[in-house]
Number of protein chains: 4
Amino acid sequence: MDIAMIGLGRMGANMAERLHRGGHHVIGVDPGEAARTTAAERGFEVSASIAETLAALPVPRVVWLMVPAGVVDQTLASLSPHLSEGDVVIDGGNSYYKDSMRRNEQLQGEDVTYIDCGTSGGVWGLQEGYSLMIGGDQAAVERIGAIFRTLAPAEDRGWAHVGPSGAGHFCKMVHNGIEYGMMQAYAEGFALMQHKTGFNLDLAQVAKAWQHGSVVRSWLLDLSADALARNPQLDGIAPYVEDSGEGRWTVAEAIDLDVPAPVITLSLLERLRSREKNSFSDRLLAAMRNEFGGHAIKTT
Amino acid sequence: MDIAMIGLGRMGANMAERLHRGGHHVIGVDPGEAARTTAAERGFEVSASIAETLAALPVPRVVWLMVPAGVVDQTLASLSPHLSEGDVVIDGGNSYYKDSMRRNEQLQGEDVTYIDCGTSGGVWGLQEGYSLMIGGDQAAVERIGAIFRTLAPAEDRGWAHVGPSGAGHFCKMVHNGIEYGMMQAYAEGFALMQHKTGFNLDLAQVAKAWQHGSVVRSWLLDLSADALARNPQLDGIAPYVEDSGEGRWTVAEAIDLDVPAPVITLSLLERLRSREKNSFSDRLLAAMRNEFGGHAIKTT
Amino acid sequence: MDIAMIGLGRMGANMAERLHRGGHHVIGVDPGEAARTTAAERGFEVSASIAETLAALPVPRVVWLMVPAGVVDQTLASLSPHLSEGDVVIDGGNSYYKDSMRRNEQLQGEDVTYIDCGTSGGVWGLQEGYSLMIGGDQAAVERIGAIFRTLAPAEDRGWAHVGPSGAGHFCKMVHNGIEYGMMQAYAEGFALMQHKTGFNLDLAQVAKAWQHGSVVRSWLLDLSADALARNPQLDGIAPYVEDSGEGRWTVAEAIDLDVPAPVITLSLLERLRSREKNSFSDRLLAAMRNEFGGHAIKTT
Amino acid sequence: MDIAMIGLGRMGANMAERLHRGGHHVIGVDPGEAARTTAAERGFEVSASIAETLAALPVPRVVWLMVPAGVVDQTLASLSPHLSEGDVVIDGGNSYYKDSMRRNEQLQGEDVTYIDCGTSGGVWGLQEGYSLMIGGDQAAVERIGAIFRTLAPAEDRGWAHVGPSGAGHFCKMVHNGIEYGMMQAYAEGFALMQHKTGFNLDLAQVAKAWQHGSVVRSWLLDLSADALARNPQLDGIAPYVEDSGEGRWTVAEAIDLDVPAPVITLSLLERLRSREKNSFSDRLLAAMRNEFGGHAIKTT
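Residues numbered from 1 in each chain as written. Chains lettered and ligands numbered in written order. Predicted model: local features only at pLDDT ≥ 70, side-chain atom pairs only at ≥ 80, totals over all residues. Heavy atoms only, no water.

Trainee: What's the story with the relation of the copies chain C and chain D in this structure? I'm lost.
Mentor: Taken together, a rotation about one axis and a shift along it account for how the two chain copies relate. In the superposition of chain C on chain D (RMSD 0.0 Å, axial shift 0.0 Å), the rotation amounts to 180°. The operation mapping one copy onto its partner corresponds to a two-fold rotation axis. Residue S218(C) of chain C places its C-alpha closer to the rotation axis than any other residue of that unit, at 1.9 Å. Interface overlap between copies is the fraction of interface residues in one copy that are interface residues in the other; for chain C against chain D it reaches 100%, indicating a shared surface. (Least-squares fit on C-alpha atoms with pLDDT ≥ 70 in both. Contact = heavy atoms within 4.5 Å.)

Shown next as structure tokens:
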């Protein structure tokens, strides 16, 4: 198929390449010259211009957005004048599902189909394929099925049309919440082994032993085993953990639906905690202990 | 090799069969007639008598214990008179690592080598092999290496001699703590999707899409996908979750080592919560709200 | 001072009575006949009509809203045509502070001053006075200071003008978050004592002993002691705990500001948990345990 | 009454003084010269010798231990030769309740009565009196009731004989668990207000407003208000929170009794977290994010 890939960052460039390798005609679009230059070496066409790219595509067009959640609306505003009836726009990024539902309604007025596609797989997706959770119009999803079959790990695996508009990004949001919880579980377990004196455990060795046959085997464990093999004490890495939004949305959604999700929630809070400097709550706790019990305060 | 497998429960019988299939000479021992009868159909020798079994094995003997943590000491007491210098006893069950260290010291006095082997893989180990975390004397582990290579998923994968006596069961304990956290993360995520109205999500379909290419792919996800495919609403299953000890030990160890493990800890507490009837704390909360705010109490 | 109290529910009627007792001229307004009838016995004027009430008040008027957070906007819409320049409207309910800030901006356009006043004290406020956290214009707060001094436990205690518009309801929101955490802490502690066999503890006795001299003495403990004295086993009370919004806002705000608030957050989640029936996450956990370990599932 | 106070640390010296002021004949015993010198200025007798002190007391003797939990056994060993039938020994410190039960059994063999008395109130107890939770023999508790009535805030308030041996220290353990949870709840709430920009909240002012009439009023809030009034930003205080054992015991007991106590538990874990340097779990989380998503790692 012919497809425009808007956004040639880490994810977009890889996906464009996987589609190109899969025999699709891909035009990658990015306003950044550096991104275009790097992408150009991957074999697919690149362009700086949305207008020219869309003019070059056969109608009805297929346009894939792979841009940060924060710039989807402005990207759609740039796209909109160049779209025509029957075009399909897919948002493959980490947008909030309610935004996707709103955008779908907007574009319906222009007879453009909007598909929200949660995309998992990170930098490994180029080789291994991406897990895709797709929301939106059934007919459109079928029409561009070849795209999904190429991006997925296999034609018939790792992708699903999970529901109407919004459902794709909803499932991706939950996916990332689960990811937070799993990561935190491994992190705590390995930290416990790292602190255990006497056994002198080799964490990479333990991780490797768990990769085969154990109940906790997983892709995240495979990655942890690799990371620990390369840097057993994780030297030089700051204990500072970012979060990128989906975890927050998952926590808010769970509370909104009255579904207790303590582990996913705590996993997010631990990330906030990792970035905290000079915690005021800890200082107040120390001050209280001093007030009632005369316990010494550690000073800065 | 020649080996006695003491305990022909779900795990022991499977492991004996895997060893038998792998060409080892196995004698399975169990006091229960039913267990022996079932095991006998699997092809390996069975016996009701520890004494006769040990007498039949060439010295130095290899004896594998696969019994509940609560009866290891009494099983060792039964074994002890029949052991002789150079024998190796492996505890493959879920014993507390400090108990294993104590037992190792006891048996050292009798010149018997005691190996603690954390075993993961559950009922699937027969086909797929077991992940083995082994603690204890290096020379003994090497001498019986053929046993581990057969039980593991492959000769060189899924098993490791992780450290001195106790280290094997320590790693298994942590493994299970991580398992609790991962399970809880999935459970919360799927519950959130199950409660979401409007999208009419097919949880088995989502799970299946995640099995390939996603960041959360894992063996536990594979099992969840199977369970949800067979019973999408998990009908007839009570919301009652057992725990078997290792989670408690992990939580206690983490606190003992001053390592915060909030997600593993909460995962255990959620299991306690699942089994609670008529929570007193919730009733007191309701009573307090009534006291200060006149908020209505729901009565039983 | 002259003041209209809009809303004669549990809180509004009590506050109107406290103001009346304190020498203020109060007209209570409520559309419900039952509420008006009950209120009429308390000594202050009552009315069914906002229009008539506002016409009867000397200008500039003082109007206190004590209505559910969900109907503040419609109440303001009813009020608005009858307000004139210089009037002061105080929202004493549990409104979301961002809504209060928005309403303040709206009313500024009409030269009406909007004050947000977080009010704590529950049904005991009539006798003991209310703790008041006030946000909004300094001059207006000073002008109606007599109202606050009467509602508070003492002229100079238990109330404060904490900041600009929104600050009052913000502090009340945080107050309620803290309240959730404290309540949960007591609830867990008493539940632990209730489950302890062997000591046959009398929880009301313990609570009473803690009321004087202990580090955990508090008003919530006083109330708990009363509740336990009347009903030591909390018989007939369902383990079902409502939440009324402020806890959710506190959790969301904390995450929004990157402030980890795990205990307040968990306290909210425990309330969700208390209301859950047939937890899907617990059922999935049980199903997973069965899948990997063959552990028996408890059926419904 | 005549009483020996063994241990003249912060708590012991204050309690001895309160008893002395209350008209009791107190001999304070401490091996440390500095402790004795300071104590001597408080008006009661002091001694360096347990033997001389016990010889000087009329039989049956009353001996109060106020020593760290870790040295109770050795103190009892020193005391034991000088005790005789009918003597009463009270452990007023923070001993583990199971240790107290064991010590009670030991001393029963010597016909000495052992009383465990949980003592709350901290450095304020001298003026305000102590909350006392007493476990042990009913007759002995009655016989030395005058001691408890003097130490408590009032003759008939703030103390209770809560049950048999161990019950006193059990209740004190739970008391401290609750204390952790309450403190954490306040700490989180104030931290949230401290991080809120725009309102420029004066935390001491808010705390003060809450002290009267609010649902969260408590002694811990009074102390927090004082601390914030003196040092509004808690400058110079390190975010480092000690814990002294009772919290750990509470968490372990709750798990042991299958009582979920998530808030008390998390409060303990937050203290561990406050003392952590270069968290390994956070580093592993950062490493994993880099592995799967190519997300940048912050370096040290």
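Trainee: In this structure, what is going on with the relation of the copies chain A and chain B? I would like to understand it.
Mentor: Its rotation angle being 180°, the transformation that places chain A on chain B also includes 0.0 Å of axial translation and leaves an RMSD of 0.0 Å. Interface residue correspondence from chain A to chain B reaches 100%, placing this contact among same-surface, isologous pairings.

Trainee: What am I meant to see in the interface of chain A and chain B here?
Mentor: Size of an interface: often given as the accessible area lost when the parts come together. Taken together, the contact pairs 69 residues of chain A with 69 residues of chain B. Interface area for chain A against chain B, summed over the two sides, is near 5700 Å², with a carbon-plus-sulfur share of 74%. If you sort the residues of chain A by the area they bury against chain B, L192(A), F199(A) and V215(A) come out on top, with a joint share of 13%. Linking chain A with chain B are 4 salt bridges, by the criterion used here. The interface formed by chain A and chain B holds 20 residue pairs in polar contact (both at pLDDT 80 or more) in total. (Buried area = accessible area lost by both parts, 1.4 Å probe. Salt bridge = Lys/Arg side-chain N within 4 Å of Asp/Glu carboxyl O. Polar contact = N/O pair within 3.5 Å; in protein donor to acceptor, adjacent residues only side chain to side chain.)

Trainee: Which parts of the structure should I look at to understand the sheet that holds strand β3 (residues 45-47) of chain C?
Mentor: Sheets are built from strands paired through backbone hydrogen bonds, the pairs being either parallel or antiparallel. All names here are of chain C. Taken in spatial order, the 8 strands line up as β3-β2-β1-β4-β5-β6-β7-β8 in an open sheet, and their pairing is mixed. Of all strands in the sheet, those with a lone pairing partner are β3 and β8 (159-163), marking the two edges. For this sheet, the mean inter-axis angle between neighbouring strands, taken without regard to orientation, is 25°. With 4 bridges connecting them, strand β4 (residues 62-65) and strand β5 (residues 88-91) associate as parallel partners. For V63, the partnering residue across the bridge sits in β5 and is V89. The strands touched by helix α4 (residues 72-79) within the sheet are β1 (2-6), β4, β5 and β6 (113-120), with β4 carrying the most contacts at an inclination of about 155°. Each of β5, β6, β7 (131-135) and β8 is contacted by helix α9 (residues 167-195), which is oriented at about 15° to β6, the strand it contacts most. (Pairing = 2+ DSSP bridges. Helix = DSSP H or I, 4+ residues; strand = E, 2+ residues; numbered from the N terminus. Axes fitted to C-alpha atoms, helices over the stretch in contact; angles between N-to-C directions.)

Trainee: Could you clarify how one ought to interpret the packing of helix α13 (residues 262-274) of chain C against helix α13 (residues 262-274) of chain D in this entry?
Mentor: How two helices sit against one another is set out by the angle between their axes and by the gap between those axes. Their axes nearest at 9 Å, the elements α13(C) and α13(D) cross at an angle of 160°. The orientation of α13(C) with respect to α13(D), classified from their angle, is roughly antiparallel. In the packing of α13(C) onto α13(D), the handedness of the crossing is right-handed. Contact residues: α13(C) offers P262(C), V263(C), L266(C), S267(C) and E270(C), while α13(D) offers P262(D), V263(D), L266(D), S267(D) and E270(D). Grouping the constituent residues of the contact of α13(C) with α13(D) by class yields 6 nonpolar, 2 polar and 2 charged. (Parallel < 35°, antiparallel > 145°, perpendicular 65-115°, else oblique. Left-handed = near helix turned anticlockwise from the far one by under 90°. Nonpolar A, V, L, I, M, F, W, Y, C, P; charged D, E, K, R; others polar.)

Trainee: How should I be thinking about the side chain of D30(B) in this particular structure?
Mentor: Residue and element names in this part refer to chain B. With respect to the element layout, D30 can be found in the loop between β2 (25-29) and α2 (33-40). One buried charge, D30, has no salt-bridge partner; the nearest side chain with opposite charge is R36, at 5.7 Å. In this structure the side chain of D30 is engaged in a polar contact, spanning 2.8 Å, whose partner is the backbone nitrogen of G32. Contacts of D30, omitting those with residues within four sequence positions, involve G7, L8, G9, A35, R36, S47 and A48. (Buried < 20%, exposed > 50% of the residue type's maximum accessible area, 1.4 Å probe, protein only. Lys, Arg positive; Asp, Glu negative; His and termini not counted.)

Trainee: Is there a simple way to explain the pairing of β5(C) in this structure?
Mentor: In the case of a regular strand, side chains alternate between the two sheet surfaces. Residues and elements named next belong to chain C. Side chains V88 and I90 project from β5 onto one buried face, and the interleaved V89 and D91 project onto a second face that is buried too. The parallel pair β4 and β5, bridged by α4, forms a crossover whose chirality is right-handed. Alignment of β5 against β6, held across 4 bridges, turns out to be parallel. Paired with V88 across the two strands is T113, which belongs to β6. Following the backbone out of β5, through helix α5 (residues 97-108) and into the adjacent parallel β6, one traces a crossover that is right-handed. (Right-handed = clockwise from strand over helix to strand, strands pointing away.)

Trainee: Can you walk me through the environment of G122(C) in this structure?
Mentor: Along the chain, G122(C) turns up in the loop between β6 and α6 (125-128). Separated by 108 residues in the primary sequence, G122(C) and N14(C) have C-alpha atoms spaced 9.4 Å apart. Contact partners of G122(C), with chain neighbours within four places excluded, come to F292(B), G293(B), M11(C) and Y130(C).

Trainee: How should the interface of chain C and chain D be read in this particular structure?
Mentor: Each partner contributes residues to the interface: chain C has 68 residues there, and chain D has 69 residues. Interface area for chain C against chain D, summed over the two sides, is near 5700 Å², with a carbon-plus-sulfur share of 74%. When the area that chain C buries against chain D is broken down by residue, the three leading residues are L192(C), F199(C) and V215(C), summing to 13%. Viewed at the interface, chain D and chain C are joined by 4 salt bridges. When the shortest N-O distance is used, the salt bridge between E128(C) and R217(D) registers 2.6 Å. The interface formed by chain C and chain D contains 20 residue pairs in polar contact (both at pLDDT 80 or more). When contributions to the side of chain C that touches chain D are tallied by element, the ones reaching two or more residues are α5, β7, β8, α9, α10 (203-210), α11 (219-230), α12 (246-256) and α13 of chain C. A per-element tally of the side of chain C that touches chain D places α9(C) first, with 18 residues. Of the residues that constitute the side of chain C that touches chain D, the class distribution is 38 nonpolar, 22 polar and 8 charged.

Trainee: Got a minute to help me understand the side chain of T119(A) in this structure?
Mentor: Mapped onto the secondary structure, T119(A) falls in strand β6 (residues 113-120). Overall, T119(A) belongs to the buried group, its relative accessible area being 6%.

Trainee: Mind showing me how you'd approach the domain arrangement of chain A here?
Mentor: All names here are of chain A. By domain assignment, chain A separates into domain 1 (2-163) and domain 2 (172-282). For domain 1 and domain 2, the distance between their C-alpha centres works out to 30 Å. Contacts between the two partners involve 12 residues from domain 1, matched on the other side by 9 residues from domain 2. Interface area, domain 1 with domain 2, both sides summed: about 890 Å², of which 60% is carbon and sulfur. If you list the elements that add at least two residues to the side of domain 1 that touches domain 2, you get α5 (97-108) and β6. (Domains from an automatic or database assignment.)

Trainee: How should I be thinking about the sheet that holds strand β4 (residues 62-65) of chain D in this particular structure?
Mentor: The 8 strands lie next to each other as β3-β2-β1-β4-β5-β6-β7-β8 (chain D), forming an open sheet whose pairing is mixed. Of all strands in the sheet, those bounded by a partner on one side alone are β3 (45-47) and β8 (159-163) of chain D. Each adjacent strand pair in this sheet contributes to an overall mean axis angle of 25°, direction not counted. Alignment of strand β1 (residues 2-6) of chain D against β4(D), held across 3 bridges, turns out to be parallel. Residue pairing for β4(D): A4(D) is matched across the bridge by V63(D). Together, β7 (131-135) and β8 of chain D form the strand contacts of α10(C), whose direction differs from that of β8(D) by roughly 150°. Packing against the sheet, helix α5 (residues 97-108) of chain D makes contact with β5 (88-91) and β6 (113-120) of chain D, and its axis sits at approximately 155° to β6(D).

Trainee: Any chance you could explain unusual backbone geometry here in plain terms?
Mentor: All names here are of chain A. Omega for the bond connecting V59 with P60 falls within 30 degrees of zero, at -10°, which places this linkage in the cis form. Following the sequence through the fold, P60 ends up in the loop between α3 (50-56) and β4 (62-65). You will see that L234, though not glycine, has its phi angle at about 55°, which is positive. Backbone geometry at N278 places phi at a positive 55°, although glycine is not the residue there. Within the element layout of this structure, N278 appears in the loop between α13 (262-274) and α14 (280-293). Exposure remark for N278: the relative accessible area of 39% places this residue in the partly exposed category.

Trainee: Even after reading the chapter, I still don't get the packing of helix α12 (residues 246-256) of chain A against α13(A), so can you show me in this structure?
Mentor: Residues and elements named next belong to chain A. At a minimum axis separation of 9 Å, α12 and α13 run at an interaxial angle of 140°. In terms of their interaxial angle, α12 and α13 are classed as oblique. As for the relative orientation of α12 and α13, their crossing is left-handed in sense. For the pair α12 and α13, the contacting residues are G247, R248, T250 and V251 in the first and I264, T265, L268 and L272 in the second. Its residues assigned to classes, the contact of α12 with α13 shows 4 nonpolar, 3 polar and 1 charged.

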